[in-house]
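# Descriptive structure summary
Here is how the chains run, residue by residue.
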Amino acid sequence: MAEEEEVTAATEKVIRVQRVFVNHLDSYSSGNIGKFLSNCVVGASLEEITEEEEEEDENKSTMPEASSAKLKEGMFQIVGTLSKLESVRPDFAVETYDVISREDLLMRLLECDVIVYNITENPQQAEEAIWAVSALNEEVNHFEKRKVFILVSTVMTWARSKPLDADDSEIPFTEEDYRRRKPHPNFLDHINAEKMVLKFGKKAKKLTTYVVAAGLQYGVEEGILHYFFKIAWLGEVPALPVFGDGTNVIPAIHVLDLAGVIQNIIDHVPKLHYLVAVDEAVHTLEDLVKCISKNTGPGKIQKIPKENAFLTKDLTQECLDHLLVNLRMEALFVKENFNIRWVAQTGFVENINNILKDYKQSRRLLPIKICILGPPAVGKSSIAEALSKHYKLHHIKLKDVISEAIAKLEAIVTPKDEGEEEEEGEEEEEENVEDAQELLDGIKENMEQNAGRLEDQYIIRFIKEKVKSMPCRNQGYILDGFPKTYDQAKDLFNQFVCALDASDEFLKERVMNLPESIVAGTHYSQDRFLRALSNYRDLNTEDETVLNYFDEIEIHPIHIDVGKLEDSQNRLAIKQLIKEIGEPRNYGLTDEEKAEEERRAAEERLAREMMEEAEREHKEAMEMAEKMARWEEWNKRLEEVKREERELLEAQSIPLRNYLMTHVMPTLMQGLNECCKVRPDDPVDFLAEYLFKNNPEMQ
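Overview of the structure.

## Re the sheet that holds strand β16 (residues 558-561)
On the basis of which strands lie adjacent, the open sheet formed by 5 strands has the order β13-β14-β12-β15-β16 and parallel pairing. In the strand order of this sheet, the two ends are held by β13 (394-397) and β16, each with one partner. Direction aside, the axes of adjacent strands within the sheet are offset by 20° on average. Note: strand β12 (residues 368-373) against strand β15 (residues 496-501), 4 bridges, orientation parallel. Along β15, the bridge assignment pairs Ile370 with Phe496. Along the sheet, helix α25 (residues 571-581) contacts β12, β15 and β16; its crossing angle with β16, the most-contacted strand, is approximately 165°.

## A few points about the environment of Val42
Structurally, Val42 can be placed in the loop between α2 (28-38) and α3 (51-59). Residue class for Val42 comes out buried when judged on its relative accessible area of 6%. The spatial distance from the C-alpha of Val42 to the C-alpha of Asp267 is 6.9 Å, given a sequence separation of 225 residues.

## Some remarks on the sheet that holds strand β5 (residues 147-154)
Read from one edge to the other, the open sheet built from 7 strands follows the order β3-β2-β1-β4-β5-β6-β10, with strand pairing classed as parallel. Single-partner strands in this sheet number two, and they are β3 (93-97) and β10 (274-277). Put simply, the sheet's adjacent strands are angled 20° from each other on average, direction ignored. Here 4 bridges tie strand β6 (residues 207-214) to β10, and the two strands are oriented parallel to one another.

## Some words on the pattern of salt bridges
Across all of its chains, the model carries 19 salt bridges by this definition. Asp113 is the partner of Lys145 in a salt bridge, and the nearest nitrogen-oxygen pair spans 3.2 Å. Taken together, the residues span a long stretch of sequence, with Lys145 in the loop between α5 (125-138) and β5 and Asp113 in the loop between α4 (102-110) and β4 (114-118) at a distance of 32 residues. With relative accessibility at 48%, the residue Lys145 sits in the partly exposed group. Judged by relative accessible area, Asp113 falls into the buried class, the value being 12%. Notably, a salt bridge pairs Glu404 with Lys466, separated by 3.4 Å at the nearest N-O pair. Note that Glu404 is positioned in helix α15 (residues 398-413) and Lys466 in helix α17 (residues 456-467), a separation of 62 residues in sequence. Residue class for Glu404 comes out partly exposed when judged on its relative accessible area of 44%. Residue Lys466 is classed as partly exposed on the basis of its relative accessible area, which comes to 22%.

What counts as what
Residues numbered from 1 in each chain as written. Predicted model: local features only at pLDDT ≥ 70, side-chain atom pairs only at ≥ 80, totals over all residues. Heavy atoms only, no water. Pairing = 2+ DSSP bridges. Helix = DSSP H or I, 4+ residues; strand = E, 2+ residues; numbered from the N terminus. Axes fitted to C-alpha atoms, helices over the stretch in contact; angles between N-to-C directions. Contact = heavy atoms within 4.5 Å. Buried < 20%, exposed > 50% of the residue type's maximum accessible area, 1.4 Å probe, protein only. Salt bridge = Lys/Arg side-chain N within 4 Å of Asp/Glu carboxyl O.

Rendered as structure tokens:
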């Protein structure tokens, strides 16, 4: 009996594992849906969420954890296609397909229990979704068990729907009104796909189809709203743009809540086949942009004509259509029947803190906070400047911070022209003016009493305000030569502390070798420099030094002795610091910087090629010259050998010639002369006979 129960339990576990296909797993929406489902237990949404679980969810990060692709009991197994060949396979996916034929793709779809086609980001996928559902419909008779097909579409298929009540345009559309929907002209392919999916679902019992009309998706890396997040985070514009009057209502949903809707459809298999997926908020475009600007940008918005929106190169036509839609929708069925662990049920604005946190974490936009300390003339400012360029951080100099703070206070207390001030917040502004005037008076009085210097209370206040400013909170900063004392350090937080140092002799020699143009107007004049160096040494010989404080809070300084590096440009110190701090945590190079980098690389490559060509030509010329020299040398030696051979032959032939002239030639000449006179028939025989007869030795 116990064995039978074990077999039954094992069978149930096998059945509970479901294979889910999701298209374009390397895209924003599908990637987050796939990652979310890979962490879900099959059937988990059938159980109602308790209050304790809701509290736990609030405390946890909203970002889904990246699960490994290994098979887990009771979990959804994710497979899917990739939109780009160069895309990296997601960790949560069991299988991915980049280049695959329709025939092979159908075989993969038939292996799955659930097929999710997301057409919200790529309109071309609408055609593939229609093909997929029709191909599955043709194979339905061969299905061993029911398959679920979910089309994730967009509320843009409702964009031109007539209001439910002509006198009250604020009545929202719900799932029940889906037959009345009218699409935006640019989303005809989407509504056609919706109709085809619903049509095939009615025909076959073993193929259940659903359409989910999703609102504008936000959260995690951010989708369409990423344009606003990026320009706000970069802080390069004084105000974020709002296209048109900004009063249009945009139905929206957190991408992970959309994934939760899909999870519930898979688990519940509801009777209603057309669902709306939006959060409960009624936000306008102005609400969304203003919220982003306030929480991660300049805090201001600027309304621009809709026509100008189309000049924005980072927003496609499809993105602009979503941002300019004016539509009220309510997800009644989802709210009343599904058990969703909502990330942002109350909407974007109410949950901006968590949304912003996930956005920065997912895109690794984490601020780097550095302070560089050391004696005067050690190279703090030059190193800080180089690091600020490399990491795109804000270079904070104490003198600049004080000047900027005083200028800001003076701007507040300066009377404004009529019409400049807005009615909203006038009382608050009056209070700010009074506070600013009081602070300004205190600063001036303090500077008069201290020979132009400010006390720590003001300096720390200004530095705190600076490091808490939105640009410094976003990108991070480098504090140049601050804090100087233990007490100043207590009020600041830094991730990295760089302690530069060098011997007094090295620093004095460095200052003495500085050009007069650099020394003028700085504290590098002899008396001021020696006094500053002495003050620095005095402050750093006490028990409670700045570096001691950082050691106490487990931020151990990076010590670099500049004098030992023997590098006047501090390149080695900068290289060492970059190695310690790590990779930049920002968006990387802009398009202009990439173009400049490519241009510089092209110039360097061209110069390198020209140098290599010149070296090659020089080498060939040298080889040719060497070859010619060797050829000439060989010819000279050959002539010398021939001459020596001739002389040798000449020397060897003299005795022989003398012998012939003495013993042979006289008789031979006589014989030849006689032969010429007689002219015999056989001259050779005649000559032989003559020589034999007239041989002097024979006579």
